[in-house]
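As a plain string of letters, each chain reads:
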Amino acid sequence: MVAGRVWMGKRWSFVAALLLTVSFFSWLMSGTGEARGGKEVQPVEQQTKTILFVPHDNRPTSCEQSAEAAEKLGYRVLMPPKEMLGGLTEGQPDALWHWAEAQAAQADAAVISTDSLIYGGLVASRKHELSEQELEERVGRIASLKKLNRRLKVYAFGSLMRTPASGPASGGEEPDYYLTYGAQIFRRSGLLEKQEHGGLTDGETQELQDLAATIPSEVWQDWTQRRAKNFTVDERLIDLSRTGALDLFILGKDDNAPLSATHAESLRLARYAAAVPRTRFQMLAGIDEFAALLLARAVNDEEHVVPFVNVQYNWGVGGAMVPDYSDEPIADSIQSDLLIAGAVAVPDPAHADLVLLVNTPPDGKMGYGNAPDNDGTDLYDAQSLARYAASLIAQGYRVAIADITRTNGADNALMNALRDAGLLFKLYGYAGWNTATNSVGFALGQGVLSVRLPEDDVDRLLLARYLDDWGYQSNVRTAVTNQLAMLLDGGAYLNLGRYEPAVQLRVTRLLREFAARNLPPYPGVDHLNFYFPWHRMFIGGIVLPDR
């Protein structure tokens, strides 16, 4: 266990508006002397508060893992039954609405996925056949939430319909035709955006004509008409943030690229929302991290706290890196994440409640967690970041790490260095899963709450990330996927089918062995169980025995 992890200070929200202006920033800084050392200030006693939480799908990261930090702080987080939530298939938006309607009266805040309440989930938002009238009625439901409870603060998040680069990149989460025409659809949408903003070369004009002839008209019509409907829904939700029916609306650019339909729509929506303050509406890369950030925001608002965060990067391009699946520098995404969570960046760690270290590749080029070169070789100078983390921790700073040198998994070199230095359970947050924006948002959302938690609770949050991001995604998943490939069944990765029971047992055993080799003894880890919530290798769930 980790000694001395006590929250040392609070920032009160009556000055939050001042924090957003440069003229008052230095005055606020003069009052923050207890970010490390000094007299310990314990969290204020408070009555139990209730947060209504509608996740955007049924994955563990979307549901219980996003809510866990708030729950450990003593909040009652009301989540709907998982069978109402979408996964690879559509959830139950009508049942979800009736559930939310029934719970709203007892809640102090609501963190809601508009994708779930309108379409039936994140994946369903890309495949639905809903009419414009049905969509308008469901947006109207969301607009009525505050009428059910006048004191309810409503924090909402949704997604722009994504544009995967190819059929395989879609992961089978788009209409079936995307597996065949995905690369052509992506390229055609990018050329159309380029044509709109800068013009095409003669060769690109011919390519655009060829793509139009290659993609069946009914396929293109289905894809573009659904996008147009979703775009109108996004405009309506921005209107709700404009009028105050939503206290804050976050729109995610999921799996975005600089030349794509998603990027083109984001530019049009940015113009549409130009007059809406960023305190009411934001649009940024990502989606899966938004629940953790907004739950942190709900807690911070309820407690009248504005956490101070110092953000630092590994050497090299650092914050200027534009990660895979994003169209903006990671520093811009983090700045938006801070505002979403109700936190403020400060330049000096001595004035910070949390130091967020971002493990960026020196040249800005990301690898993959399941790549052969993720064998522990230090390709990104992880040793430097680990040594710097050790020095900060030795000085009493509270440190979280966003590990984004690789997509879809931890950097083994960094994790080995943290393990060998005995730092794994001296952190206040860690994430290295899925996209870079997912990781930084999750590490930040949990980190700003973890600094107020007892050490045992912080360790439990860290354990989940180490087992998933490091143990499963970067090690066990790779080993088992290679074994599945020997079965000569190319579809098993995306649909385990008859192999699932055997694969589940094998992953469980290998993950227990990984924990025994790499983690300090922790009660119950030797009896963990693993399951596949979407019946595919990409996504896993880990169950630890109750303590």
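Refer to the structure printed above.
Presented here is a report on the structure given in the accompanying data block. Since the model is a prediction, treat every value here as computed from it, not as a measurement. Counting from 1, residues in each chain are numbered in the order their sequence is written. Predicted model: local features are reported for residues with pLDDT of at least 70 only, side-chain atom pairs are reported and counted for 80 or more only, and whole-chain, interface and lining totals are derived from all residues. Side-chain numbers here rest on the full set of heavy atoms in the structure, without hydrogens or water.

**As for the overall build of the protein**
Rule in force here: Counting from the N terminus, the helices are DSSP H or I runs at least four residues long and the strands are E runs at least two residues long. Radius of gyration here is computed from C-alpha atoms only, and the compact-globule reference equals 2.2 Å multiplied by the residue count raised to the power 0.38. Using a 1.4 Å probe on the protein chains alone, a residue whose accessible area is under 20% of its type maximum counts as buried, one over 50% counts as exposed, and one in between counts as partly exposed. Two residues qualify as a contact provided that any one of their heavy atoms is within 4.5 Å of a heavy atom in the partner residue.
Helix and strand content of the protein: 19 helices and 15 strands. For the protein, whose C-alpha radius of gyration is 23 Å, the value lies close to the compact-globule estimate of 24 Å for 547 residues. Along the first, second and third principal axes, the C-alpha set of the protein runs to 70 × 55 × 45 Å. Residues classed as buried in the protein amount to 59% of the 547 residues present. Sequence-distant contacts, at least 24 apart, represent 79% of the contacts inside the protein between residues at least 6 apart.

**Some details on the packing of helix α9 (residues 178–197) against helix α11 (residues 217–243)**
Heads up, the condition is: Axis angles are defined between N-to-C directions and span 0 to 180 degrees, where every axis is a line fitted to C-alpha atoms and, for a helix, only to the segment in contact. Our angle categories are set so that under 35 degrees counts as roughly parallel, over 145 as roughly antiparallel, 65 to 115 as roughly perpendicular, and the remainder as oblique. Working rule for handedness: look at the near helix, and if it is turned counterclockwise from the far one by less than a right angle, call the crossing left-handed; if clockwise, right-handed.
With their axes 11 Å apart at the nearest point, α9 and α11 run at an angle of 65° to one another. With respect to α11, the element α9 is oriented roughly perpendicular. Between α9 and α11 lies a crossing whose hand is right-handed. Contacts between α9 and α11 pair Y178, Y181, I185, R188, S189 and L192 from the former with V219, W220 and W223 from the latter.

**Remarks on the sheet that holds strand β9 (residues 354–359)**
Sheets are built from strands that pair by backbone hydrogen bonding, the pairs being arranged parallel or antiparallel. Put simply, the rule reads: Strands are labelled as partners when DSSP assigns at least two bridges between them.
If you walk across this open sheet you meet the 5 strands as β8-β7-β9-β11-β13, and the pairing is parallel. Of all the strands in the sheet, just β8 (344–345) and β13 (429–431) have a single pairing partner and so form its edges. Together, β7 (308–313), β9, β11 (399–403) and β13 form the strand contacts of helix α17 (residues 436–450), whose direction differs from that of β11 by roughly 165°.

**Re the environment of L78**
Note that L78 resides in strand β2 (residues 76–78). For the pair L78 and W534, spaced 456 residues apart in sequence, the C-alpha to C-alpha distance is 23 Å. With residues up to four places along the chain from it excluded, the contact list for L78 reads T50, I51, L52, F53, W99, Q103 and Q106.

**Thoughts on α9**
Heads up, the rule is: A residue's bend is given by the angle between axes fitted to the 7 residues ending at it and the 7 residues starting at it.
Of all the bends in α9, the greatest measures close to 30° and is centred on Q184. Three or more residues of α9 are buried, namely Y178, G182, I185, R188, S189, G190, L191 and E193. Check the buried side of α9 and you find it contacts α8 (167–170), α10 (202–214), α11 and α12 (261–272). One or two steps after α9, the chain reaches G199, where phi turns positive at roughly 90°.

**Things to note about the packing of aromatic side chains**
Test applied: Stacked, edge-to-face and tilted are the three classes for Phe, Tyr and Trp ring pairs, Trp counted by its six-membered ring, which pair at centre distances within 6.5 Å; planes under 30 degrees apart are stacked, over 60 edge-to-face, the rest tilted. Any Lys NZ or Arg CZ that is within 6 Å of a ring centre and within 35 degrees of that ring's normal is treated as a charge sitting over the ring.
Inspection of the entire model under this criterion finds 8 aromatic pairs. Plain terms: the ring middles of F530 and F532 are 5.1 Å apart, the flat faces sit at 75° to each other, and that makes the pair edge-to-face. As far as the burial class goes, F530 and F532 line up, both buried. Pairwise contacts between aromatic rings join F425, Y430 and Y466 into one cluster. Between R188 and the ring centre of W220, over which it is positioned, the NZ or CZ distance is 3.9 Å. Above the ring of Y272, the side-chain terminus of R242 is found at 5.3 Å from the ring centroid.

**Focus: the layout of surface pockets**
This is how it is decided: Any residue with an atom within 4 Å of a point lines the site, the site being either a cavity, points on a 1 Å grid over the protein atoms alone where a 1.4 Å probe fits but cannot get out, or a pocket, an open set with protein on both sides within 12 Å along at least 5 of 7 lines. Grid points are joined across faces, edges and corners, and a volume is the space filled by probe spheres set on the points. Gly is placed with the polar residues, together with every amino acid not listed as nonpolar (Ala, Val, Leu, Ile, Met, Phe, Trp, Tyr, Cys and Pro) or charged (Asp, Glu, Lys and Arg).
Computed from the structure, the largest pocket encloses a volume of approximately 580 Å³. Lining the largest pocket are 30 residues, and of these A169, D255, N408, N434 and F538 sit closest to its centre. If you list the elements that add at least two residues to the lining of the largest pocket, you get α8 and α17. The biggest single contributor to the lining of the largest pocket is α8, with 3 residues. Considered class by class, the residues forming the lining of the largest pocket number 10 nonpolar, 10 polar and 10 charged.

**Looking at the side chain of N359**
Tracing the chain through its elements places N359 in strand β9. Taking the relative accessible area as the measure of exposure, N359 reaches 0% and is therefore buried. Non-local contacts of N359, meaning those with residues more than four positions away in its chain, are made with N314, L385, A402, D403, I404, T405, D411 and L414.

**Quick word on the pairing of strand β5 (residues 248–253)**
Heads up, the condition is: By the criterion used throughout, a crossover qualifies as right-handed when its path from the first strand across the helix to the second strand runs clockwise, the strands pointing away from the viewer.
Burial of β5 is extensive: 6 of the 6 residues sit out of reach of the surface. Of the two faces of β5, both are covered, the one formed by L248, I250 and G252 as well as the one formed by F249, L251 and K253. Pairing of strand β4 (residues 153–160) with β5 involves 6 bridges; the strand directions are parallel. Pairing of L160 across the sheet is with K253, part of β5. As paired strands, β5 and strand β6 (residues 281–285) are joined by 5 bridges and run parallel to one another. Residue pairing across strands places L251 opposite M283, the latter belonging to β6. Once you follow β5 into α12 and on to β6, the crossover reads as right-handed.

**Notes on empty space enclosed by the protein**
Summed over the entire model, instances satisfying the criterion amount to 1 cavity of 30 Å³ or more. Roughly 130 Å³ of volume is contained in the largest cavity. What lines the largest cavity is simply R59, P60, T61, W433, N434, D468, Q473, F538, I539 and G540. Partitioning the lining of the largest cavity into residue classes produces 4 nonpolar, 4 polar and 2 charged.

**Quick word on the sheet that holds β6**
Ordered by their spatial adjacency, 6 strands build an open sheet running β2-β1-β3-β4-β5-β6, and the pairing between neighbours is parallel. The sheet is open, and its two edges are formed by β2 and β6, each paired on a single side. Along the sheet, successive strands turn relative to each other by an average axial angle of 15°, direction set aside.

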